[in-house]
Amino acid sequence: MADSLWRNHILPFTFLVGLLAACTLAGDYLLHRLNLVWVGRYLGIPGTILIIGSLIYSLRKRKFITAGNPKSLLTLHEFGTWLGSLMVLIHAGIHFNAILPWLATVAMGINVISGMVGKLLLDQSRRHVQGQREHFQLRGLSKSEVEKAVFWDAVTLDAMNQWRRVHIPIFVVFAVLALGHIASIFLFWSWS
Ligand code: HEM
């Protein structure tokens, strides 16, 4: 039991956080080595677009849009925000010019890490819902109907609700700080 918790939850989490840190350091090192620091300066733009694009999941979940498979959109959210955050982290680099962008970076870091914690909790909840899935199958529902019936249940389990206390509010903090940073760049535009 403890072994599977370690193997199925703690290890993948540590790996994903470690990979993010390693890729950030490697990316920053390479850009400096290849004299491409300017690329890092602009990497904040595609990174931000990727993070915003990944929030389509939220629009789907809250029924602002009805197209798209929620499960695939959630996978897109997890992958897109991870990759977008990597780009933003390389963009932030080790340069320290102002406090606001660093506060935004810290908020984003908490967002990504809490997202990964949530994903692992979600995995755990999915296993709980597996029982429900079998129950629906026994009642003769089709495969896609069963998937639809249990998906939101998995998402609303207690563990997820606990985790949302961090992930969603910190998103608001992150969004405000990032907007402040972006606004200040446009106000004092002097890139060369
Ligand atoms: C910059 C980074 C991130 C931001 C700004 C962000 C933002 C959000 C927001 C606003 C929601 C709420 C959706 C809603 O209820 O309407 C959400 C949900 C979620 N996020 Fe993230 N997220 C980020 C990174 C991640 C990462 C890296 C993962 C996992 C690898 C992740 C996994 C999830 C999951 C599993 C849900 C919830 C599913 C649900 O309760 O419906 N997030 N995220």
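Quick note: structure is the one above.
The structure contained in this document is the topic of the report that follows. (Residues numbered from 1 in each chain as written. Predicted model: local features only at pLDDT ≥ 70, side-chain atom pairs only at ≥ 80, totals over all residues.)

This brings us to the site of the ligand. The full set close to the ligand counts 24 residues, and S58, E78, T81, N111 and G115 are the nearest of them. Mapped by element, the contributors of at least two residues to the shell around the ligand are α3 (56-61), α4 (70-92), α5 (99-138) and α7 (158-187). Each residue belonging to the shell around the ligand can be placed in one class, and the counts come to 12 nonpolar, 8 polar and 4 charged. (Near = placed C-beta within 6 Å. Helix = DSSP H or I, 4+ residues; strand = E, 2+ residues; numbered from the N terminus. Nonpolar A, V, L, I, M, F, W, Y, C, P; charged D, E, K, R; others polar.)

Moving on, we get to the packing of helix α2 (residues 37-54) against α4. At a minimum axis distance of 7 Å, the contact between α2 and α4 shows a crossing angle of 160°. Considering the angle they form, α2 stands roughly antiparallel to α4. You can see that α2 and α4 cross each other, and the crossing is left-handed. Only L76, H77, G80, T81, L83, G84, S85, M87, V88, I90 and H91 of α4 make contact with α2, whose side of the interface consists of G40, R41, L43, G44, P46, G47, T48, L50, I51, G53 and S54. For the contact of α2 with α4, the class distribution of residues is 9 nonpolar, 12 polar and 1 charged. (Axes fitted to C-alpha atoms, helices over the stretch in contact; angles between N-to-C directions. Parallel < 35°, antiparallel > 145°, perpendicular 65-115°, else oblique. Left-handed = near helix turned anticlockwise from the far one by under 90°. Contact = placed C-beta atoms within 7 Å.)

Now for the nonpolar core. One finds L86, M87, V88, L89, I90, M108 and F174 to be the most contacted residues of the largest nonpolar core, which totals 18 residues. Of all the secondary structure elements, the ones that give two or more residues to this core are α2, α4, α5 and α7. Here this core gets 7 residues from one element, more than from any other, and that element is α4. Apart from the residues within four sequence positions on either side, V88 is in contact with G44, G47, T48 and M108. (Core = buried A, V, L, I, M, F, W, Y, C linked by C-beta atoms within 7 Å. Buried ≥ 20, exposed ≤ 12 C-beta atoms within 10 Å, placed from the backbone.)

It is worth spelling out unusual backbone geometry at this point. The bulk of non-glycine residues show a negative phi, and the bulk of peptide bonds are trans. One non-glycine residue, N35, adopts positive backbone phi at about 60°. With respect to the helices and strands, the residue N35 is situated in the loop between α1 (2-33) and α2. Positioned with a positive phi, K63 is a non-glycine residue whose angle comes to about 65°. By secondary structure assignment, the location of K63 is in the loop between α3 and α4.

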